[in-house]
Amino acid sequence: MARPGAACPPPARRLLAAARALLFWALVYGYCGLCACIAGLRLLWSIGRRPGETFRRTVRENPPACLNDPSLGTHCYVRIKDSGLRFHYVAAGERGKPLMLLLHGFPEFWYSWRHQLREFKSEYRVVALDLRGYGETDAPSHKENYKLDCLITDIKDILESLGYNKCVLIGHDWGGMIAWLVAICYPEMVTKLIVVNFPHPSVFTEYILRHPSQLIKSAYYFFFQMPWFPEFMFTLNDFKVLKSLFTSQATGIGRKGCRLTGEDIEAYLYVFSQPGALTGPINHYRNIFSCLPLQHHEVTMPTLLLWGERDAFMEVDMAEITRIYVKNHFRLTILSEASHWLQQDQPDIVNKLIWTFLKEETRKRE
């Protein structure tokens, strides 16, 4: 008999690992099935109440004028040699200035950074990217093309294709997840890291398994594992779900925030109502459970984490825990009245906080 505290023999370790993996995937697919059942009931309820409205869709052939506003910058494209994908981005500020690269979340696109494009172009070459599968960027058809390794490599390749070897990297929501991973995998490319409403990925994966409340808030991660049905649900009632994410009392920008205009909402509806426009974005989530947890965790550059306390999708406790993974200057600012859509909700405050952080002389923590 093994002594108490002795290491398990290799067969026992393998059995334990297999048991943990089985439980993990049982949780993933079990919760996926539960979310699908709830979505199905909502669909039936909607059909029963207003069958004509449920499947109504407006055809949007022309983009709203705000998407071509010259004050936001210039629409550009870059084709990556290795992947062959063409990426769309909007750039503001003179070429040759330090690069500020902006990564949007879900369901967003480059336009979510409109306030930052105008603000930082005086001192930076500001580039707001459409991530792989979003907007005018190419969207590979297979979900395997959206693994985290591919998304991280995209950012490295884009940086190099733009003629830079480093940048200030800013990410929100899912773009925040990618920003954390780029900073971990390619620290030499990130001079300063700024993340909006997304914790360090290791904090997220550990926290969600220990806190059922966060598991419920992250239900869409599990629902998105299903093929085609999530995309279908988004289209109902002329993309009512998409509109409500930004405007409802539960998840949207509050009364004290900078609410989206009707034209802003139309910009989102135009982009995501195009044929197949939702599959690429949702495919980002369809590989997430096979890519985590991380093998490497440490972030070594100065880091700013901004958080809207009224975030309906991410619990604020994760923000403070993130501190332990940053081995350099770390600043956390929580805005009490702000929502998940922080850089759109409170653009003036967010821009001021970013300017302050960028102009700080920081040193590595001992």
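Every value quoted in this text rests on a predicted model; they were computed, and no experiment measured them.

Scoring rules and cut-offs
- Residues numbered from 1 in each chain as written.
- Predicted model: local features only at pLDDT ≥ 70, side-chain atom pairs only at ≥ 80, totals over all residues.
- Heavy atoms only, no water.
- Phe/Tyr/Trp six-rings, centres within 6.5 Å; stacked < 30°, edge-to-face > 60°.
- Helix = DSSP H or I, 4+ residues; strand = E, 2+ residues; numbered from the N terminus.
- Buried < 20%, exposed > 50% of the residue type's maximum accessible area, 1.4 Å probe, protein only.
- Lys NZ or Arg CZ within 6 Å of the ring centre and 35° of its normal.
- pLDDT = per-residue confidence, 0-100.
- Contact = heavy atoms within 4.5 Å.
- Pairing = 2+ DSSP bridges.
- Core = buried A, V, L, I, M, F, W, Y, C linked by side-chain atoms within 4.5 Å.
- Salt bridge = Lys/Arg side-chain N within 4 Å of Asp/Glu carboxyl O.
- 1 Å grid on protein atoms, 1.4 Å probe; cavity = no way out; pocket = protein on both sides within 12 Å on 5 of 7 lines; lining within 4 Å.
- Points joined across faces, edges and corners; volume = space filled by probe spheres on them.
- Nonpolar A, V, L, I, M, F, W, Y, C, P; charged D, E, K, R; others polar.

Applying the stated criterion across every chain, the model contains 33 aromatic pairs. Ring geometry for Phe246 and Trp341: centres 4.5 Å apart, planes at 45 degrees, overall tilted. With Phe246 in helix 9 (residues 229-247) and Trp341 in the loop between strand 8 (330-335) and helix 14 (342-345), this residue pair connects regions lying 95 residues apart in the sequence. The exposure class assigned to Trp341 is buried, which follows from its relative accessible area of 1%. We note Arg86 situated over the ring of Tyr77; from NZ or CZ to the ring centre the distance is 4.1 Å.

Quick look at the confidence of the model for the protein chain now. Looking at the protein chain as a whole, the pLDDT averages 92, with 95% of positions reaching at least 70. The secondary structure element of the protein chain with the lowest average pLDDT is helix 1 (residues 10-49), at 81, and the one with the highest is strand 3 (residues 99-103), at 99. In the predicted structure, residues 1-6 sits below a pLDDT of 50 and forms zero contacts with residues beyond four places in sequence or in another chain. Ignoring residues within four places in sequence, the model shows residues 362-366, a span with pLDDT below 50, making 13 contacts including any to other chains.

For the rest of this paragraph, the subject is the pairing of strand 2 (residues 86-92). Burial of strand 2 is extensive: six of the seven residues sit out of reach of the surface. As paired strands, strand 1 (residues 74-79) and strand 2 are joined by six bridges and run antiparallel to one another. The partner of Val78 across the bridge, within strand 2, is Phe87. Linkage of strand 1 to strand 2, two consecutive antiparallel strands, is achieved through a turn of six residues, within which Gly84 is found at a positive phi near 80 degrees.

Counting 122 residues, the largest nonpolar core has Leu169, Trp174, Leu193, Tyr221 and Phe222 as its most contacted members. Sorting elements by how many residues they give to this core places helix 5 (residues 174-185) first, with nine residues.

Overall, the coordinates contain 14 salt bridges when judged by the stated rule. The partner of Arg60 in a salt bridge is Glu266, with the nearest N and O atoms 3.1 Å apart. Of the two residues, Arg60 is situated in the loop between helix 2 (51-54) and strand 1 and Glu266 in helix 10 (residues 262-272); the sequence distance between them amounts to 206 residues. On the accessibility criterion, Arg60 (10% relative accessible area) is buried. Since its relative accessible area comes to 32%, Glu266 is described here as partly exposed.

Now for the layout of surface pockets. Approximately 1,100 Å³ is the volume attributed to the largest pocket. Taken together, 34 residues line the largest pocket, and the ones lying closest to its centre are Arg42, Phe223, Met233, Val241 and Leu245. Of all the secondary-structure elements, those providing two or more residues to the lining of the largest pocket are helix 1, helix 7 (212-217), helix 8 (219-223) and helix 9. Partitioning the lining of the largest pocket into residue classes produces 23 nonpolar, five polar and six charged.

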